[in-house]
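Okay, here's what each chain looks like letter by letter:
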Amino acid sequence: PPPPPRQRRAQQQAAAAAAAATAAAALQSAIDVGELQGIRDAIAEHAEAAERGQRSAVLQHARRRRDELAEAQRRAAKAQKVARQKEKKEEARAQARAAEAARAESEAAARAAEEARAAEARAAAERAAAERAA
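Below or above, wherever it landed, is the structure these notes cover. Throughout this description, residue numbers start from 1 for each chain and increase along the sequence as written. Local features in a predicted model are, by the rule used here, given only for residues with pLDDT of at least 70; side-chain atom pairs are given and counted only at 80 or more, and totals for whole chains, interfaces and linings are based on all residues. Computation of side-chain values: all heavy atoms of the structure, hydrogens and water removed.

Section: the overall build of the protein chain
Line of reasoning, step 1. A tally of helices and strands in the protein chain yields three helices and zero strands.
Line of reasoning, step 2. Each helix corresponds to a stretch of at least 4 residues labelled H or I by DSSP, and each strand to a stretch of at least 2 residues labelled E; elements are numbered beginning at the N terminus. Going residue by residue from the N terminus, the α and β elements of the protein chain occur as α-α-α.
Line of reasoning, step 3. We take the radius of gyration over the C-alpha atoms and set the globule estimate at 2.2 Å times the residue count to the 0.38 power. Taking 14 Å as the expected radius of gyration for a compact globule of 134 residues, we find that the protein chain reaches 41 Å, considerably beyond that expectation.
Line of reasoning, step 4. Summarising its shape, the C-alpha atoms of the protein chain cover approximately 140 × 25 × 20 Å along the three principal directions.
Line of reasoning, step 5. Each of the 134 residues in the protein chain was classed as buried or not, and the buried ones make up 14%.
Line of reasoning, step 6. Here the contacts in the protein chain between residues at least 6 apart in sequence split such that 49% fall between residues at least 24 apart. Exposure is judged per residue with a 1.4 Å probe applied to protein chains only, and the accessible area is read against the type maximum: over 50% gives exposed, under 20% gives buried, and values in between give partly exposed. Note on contacts: a residue pair qualifies if any of its non-hydrogen atoms lie within 4.5 Å across the two residues.

In structure tokens form, the structure reads like this:
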């Protein structure tokens, strides 16, 4: 024979309380470990008990901790992104400086070659003038 309604209700309440206690322990364990995904998973498991009206301070604490860890993760990702962008800008500046130095060196070499050609032309003209004079 099935148990009387009171006994069945008491069994259901006891089972729900045991499930809530287990979920609360899992939440606390996840909070203690401090890993974002673990806390998210524990909150999802505990949410079923919360939907049945069994809210707990541990669940609220876990949600706060989850939000703190997620925010810390976002800040760290943003800091890494900014650092990468800064690195790229510095790299671009270094490349621009190197290109400018190469351009200046090339221009100096071209000027030196032009001056050498002009000097050679002057020397040739002076030799030709000296040969005519002699």
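And the narrative resumes.
Some points on the nonpolar core
Line of reasoning, step 1. Working definition of a nonpolar core: buried Ala, Val, Leu, Ile, Met, Phe, Trp, Tyr and Cys residues. They are joined through side-chain atoms within 4.5 Å. Membership of the largest hydrophobic core is limited to eleven residues, which are Leu27, Ala30, Ile31, Leu36, Ile39, Ala42, Ile43, Leu59, Ala62, Leu69 and Ala70.
Line of reasoning, step 2. Taken together, the elements giving at least two residues each to this core come down to α1 (5–33), α2 (36–51) and α3 (57–133).
Line of reasoning, step 3. In contact with Ala42, other than residues within four places in its own chain, are Ala26, Leu27 and Ala30.

Side note on α1
Line of reasoning, step 1. The span expected for a helix works out to 1.5 Å for each residue beyond the first. Between the first and last C-alpha of α1 there are 42 Å, a value that for 29 residues agrees with the 42 Å anticipated at 1.5 Å per step.
Line of reasoning, step 2. Ala16, Ala20, Ala23, Ala24, Leu27, Ala30 and Ile31 are the residues of α1 that are buried.
Line of reasoning, step 3. Gly34 sits one or two positions beyond α1 and adopts a positive phi of about 80 degrees.

Focus: the pattern of salt bridges
Line of reasoning, step 1. By convention in these notes, a salt bridge is any Lys or Arg side-chain nitrogen within 4 Å of a carboxyl oxygen on Asp or Glu. Counted under the stated rule, the structure contains ten salt bridges.
Line of reasoning, step 2. Across the salt bridge formed by Glu90 and Arg93, the nearest N and O atoms sit 3.6 Å from each other. Residue Glu90 and its partner Arg93 are both found in helix α3; the two are separated by three residues, about one turn of the helix.
Line of reasoning, step 3. For the salt bridge of Glu107 with Arg103, the shortest nitrogen-to-oxygen distance reads 2.4 Å. Of the two residues, Glu107 and Arg103 are both situated in helix α3; the distance of four residues between them amounts to about one turn of the helix.
Line of reasoning, step 4. Taken together, the shared-partner salt bridges connect Glu71, Arg74 and Arg75 into one network.

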